[in-house]
Amino acid sequence: MNNQSINPTRLLGRLAELGAIGRDPGGRLTRLAASDTEKAGRDRFAYWIEAAGLDIAIDRIGNVFGIWNPEGVADAAPLMLGSHIDTVIDAGIYDGCYGVLAGLEVIEALKEAGFSPSRPITVAAFTNEEGVRYAPDMMGSLVYSGGLDVDAALATVGTDGTVLGDELRRIGYAGNHEPGFLRPHAYIELHIEQGPVLEREGIALGAVENLQGISWQRVTIEGDANHAGTTPISMRRDAGHAAARVITFLRDRARASNTPTVATVGCMEFQPNAINVIPSRATFTVDLRDPDETRLKDEEAALAAFLETIAKEEDVAISVERLARFEPVQFDAGIVGAIETAARARDLTCRRMTSGAGHDAQMIARIAPSAMIFVPSKDGISHNPKEFTADGDLVDGANILLDVVRKLAGEG
Ligand code: HGY
Ligand code: MN
Ligand code: MN
């Protein structure tokens, strides 16, 4: 068994330090892509990269890379680690940041141990993984893997009316490397599970073998504003009520299906949003997910059919804008096997699993063999300040990442 370990104090200290960057006066943590608070997080990561003696590179979509290029292996394709450091609104401190900082930690620990890799090793922080300010999510890794044109991505208008390219320039992270400039030999992403499975089953690690498909849409329902007191129910074109029927339809359908299908309406806006005015417009987002592409397509078709029904029954006009659509992804069986072998060698329990959340790994899997390692999330909570993973689990996960990297970068 390999008994080298990462430096727990350094990793856990940096997680806490990065977790303190981007808090508002009420203590809420929010580092939306290309915002001032995210710039502060990027700057800290860049500082740690340079303090570790790594080369730093930034590409045109703002992806940040720390690169260990030991003598004599520069021509070999690099092993890539990474995740993201942007967050959702009122976030926890582990989502994404754990994978980036553990990747950096693994490189530093290997350097300090005098390990001679057969290839460069790089750690990436991908831009806009969360997709909260600019859709779609996983944007930086999607561009990096050739799934979205970089200029089209830079022209994306955010929920706040800003343009991503302008914001990246403003915060000083509009890099000059072409996305994809490093073609990874393999990619491994360490991440918190963000779900209840590992904790419920008392298992230390997840060897993630696949990731479910994601469909994001924005629905706009147009009715008529009218007086809340004088307008008979039968004469209303109530966009708010129509929207409520859609939310209930989605929840009832997902609950009734005996499949892993999930449906979420996370954003909702009424116009004119006044207590005594029947909403003339309702705008909301729909997040549909399923590990099976055919079922995901069926869910999208069922929603489209229901929207047609609602338009007639409620006498409203409905338009739909697609924001993101990613098919389910299978990860590399060889790397999944290496994760399981590393867990056994450290006497850590491990199970194969599907990722319910989207991750940069699903994009990099388009250009390189990829897989993920999960560690347990307390009560399965994430995208919430209560997000928590015990220090021991965080260190175990980072040590498994270290072992898998030694194996993949130790080969000739
Ligand atoms: O949406 C997701 O699953 C990821 O957190 N971006
Ligand atoms: Mn994440
Ligand atoms: Mn997330």
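First, a word on scope: everything that follows refers to the structure included in this document. In this text, all values refer to a predicted model and were calculated from it rather than measured experimentally.

**With respect to the pattern of salt bridges**
Think of it this way: side chains of opposite charge can pair up when their charged atoms draw near.
For step 1, the next point in the chain: Under the criterion given, the structure shown has 33 salt bridges.
For step 2, the next point in the chain: Two residues, Arg28 and Asp24, come together in a salt bridge whose shortest N-O distance is 3.2 Å.
For step 3, the next point in the chain: On the accessibility criterion, Arg28 (39% relative accessible area) is partly exposed.
For step 4, the next point in the chain: The network of salt bridges with shared partners includes Arg10, Arg14, Glu105, Glu108 and Glu112.

**Things to note about the nonpolar core**
For step 1, the next point in the chain: The biggest cluster of nonpolar side chains holds 96 residues, and the ones touching the most others in it are Ile188 and Val405.
For step 2, the next point in the chain: Apart from the residues lying within four places of it in its own chain, the contact partners of Ile188 are Leu79, Met80, Leu81, Gly82, Ile335, Ala371, Ile373, Leu401, Val404, Val405 and Leu408.
For step 3, the next point in the chain: With 19 residues, the next largest nonpolar core counts Ala239, Ala242, Phe249 and Ile310 among its residues.

**Describing the coordination of the manganese ion (ligand 3)**
For step 1, the next point in the chain: Looking at the manganese ion (ligand 3), one finds its protein donor set to be Asp95 (OD), Glu130 (OE), Glu130 (OE) and His383 (NE2), positioned 2.1 to 2.7 Å from the metal centre.
For step 2, the next point in the chain: The motif formed by the donor residues of the manganese ion (ligand 3), counted along the single chain, is D-x34-E-x252-H.
For step 3, the next point in the chain: Separating the manganese ion (ligand 3) from the manganese ion (ligand 2) is a gap of 3.6 Å, which Asp95 spans by donating to each of them. Taken together, the residues span a long stretch of sequence, with Asp95 in the loop between strand 3 (79–83) and helix 3 (97–112) and His383 in the loop between strand 16 (370–375) and helix 12 (391–410) at a distance of 288 residues.

**A closer look at the site of ligand 1**
For step 1, the next point in the chain: Every residue lining ligand 1 is accounted for by Glu129, Glu130, Asp137, Met138, Trp216, Arg289, Ala357, Gly358 and His383.
For step 2, the next point in the chain: Note that an oxygen atom of ligand 1 is positioned 2.6 Å from one of the side-chain N or O atoms of Arg289.
For step 3, the next point in the chain: Here Gly358 contributes a backbone N or O atom positioned 2.7 Å from an oxygen atom of ligand 1.
For step 4, the next point in the chain: Within the complex, 95% of the 220 Å² of free accessible area of ligand 1 lies under protein.
For step 5, the next point in the chain: Looking at side-chain class alone, the shell around ligand 1 contains three nonpolar, two polar and four charged residues.

**Things to note about the coordination of the manganese ion (ligand 2)**
Tetrahedral coordination by four donors sets the ideal angle at the metal to 109.5 degrees; octahedral coordination by six donors sets it to 90 or 180 degrees.
For step 1, the next point in the chain: Around the manganese ion (ligand 2), the protein contributes the donor atoms His84 (NE2), Asp95 (OD) and His191 (NE2), at 2.1 to 2.3 Å from the metal centre.
For step 2, the next point in the chain: Donor residues for the manganese ion (ligand 2) sit on one chain with the sequence pattern H-x10-D-x95-H.

**Comments concerning the environment of Gly206**
For step 1, the next point in the chain: Positionally, Gly206 belongs in strand 6 (residues 205–211).
For step 2, the next point in the chain: Filtering out sequence-adjacent residues up to four positions away, Gly206 remains in contact with Leu198, Cys350, Arg351, Met353, Met372, Ile373 and Phe374.

**Remarks on the packing of helix 1 (residues 8–19) against helix 12**
For step 1, the next point in the chain: Closest axis-to-axis distance for the helix 1/helix 12 pair is 10 Å, and the angle between their directions is 115°. Judged by the sense of rotation from one axis to the other, the crossing of helix 1 with helix 12 is right-handed. Facing Pro8, Leu11, Leu12 and Leu15 of helix 1, the residues of helix 12 in contact are Asp391, Leu394, Val395 and Ala398.
For step 2, the next point in the chain: In the contact of helix 1 with helix 12, the residues fall into seven nonpolar, no polar and one charged.

Conventions adopted
- Residues numbered from 1 in each chain as written.
- Chains lettered and ligands numbered in written order.
- Predicted model: local features only at pLDDT ≥ 70, side-chain atom pairs only at ≥ 80, totals over all residues.
- Heavy atoms only, no water.
- Salt bridge = Lys/Arg side-chain N within 4 Å of Asp/Glu carboxyl O.
- Buried < 20%, exposed > 50% of the residue type's maximum accessible area, 1.4 Å probe, protein only.
- Core = buried A, V, L, I, M, F, W, Y, C linked by side-chain atoms within 4.5 Å.
- Contact = heavy atoms within 4.5 Å.
- Donors = N, O, S within 2.8 Å, 3.2 Å for Na, K, Ca; no water.
- Helix = DSSP H or I, 4+ residues; strand = E, 2+ residues; numbered from the N terminus.
- Near = heavy atom within 4 Å.
- Polar contact = N/O pair within 3.5 Å; in protein donor to acceptor, adjacent residues only side chain to side chain.
- Areas by Shrake-Rupley, 256 points an atom, 1.4 Å probe, with all protein chains shown as cover.
- Nonpolar A, V, L, I, M, F, W, Y, C, P; charged D, E, K, R; others polar.
- Axes fitted to C-alpha atoms, helices over the stretch in contact; angles between N-to-C directions.
- Left-handed = near helix turned anticlockwise from the far one by under 90°.

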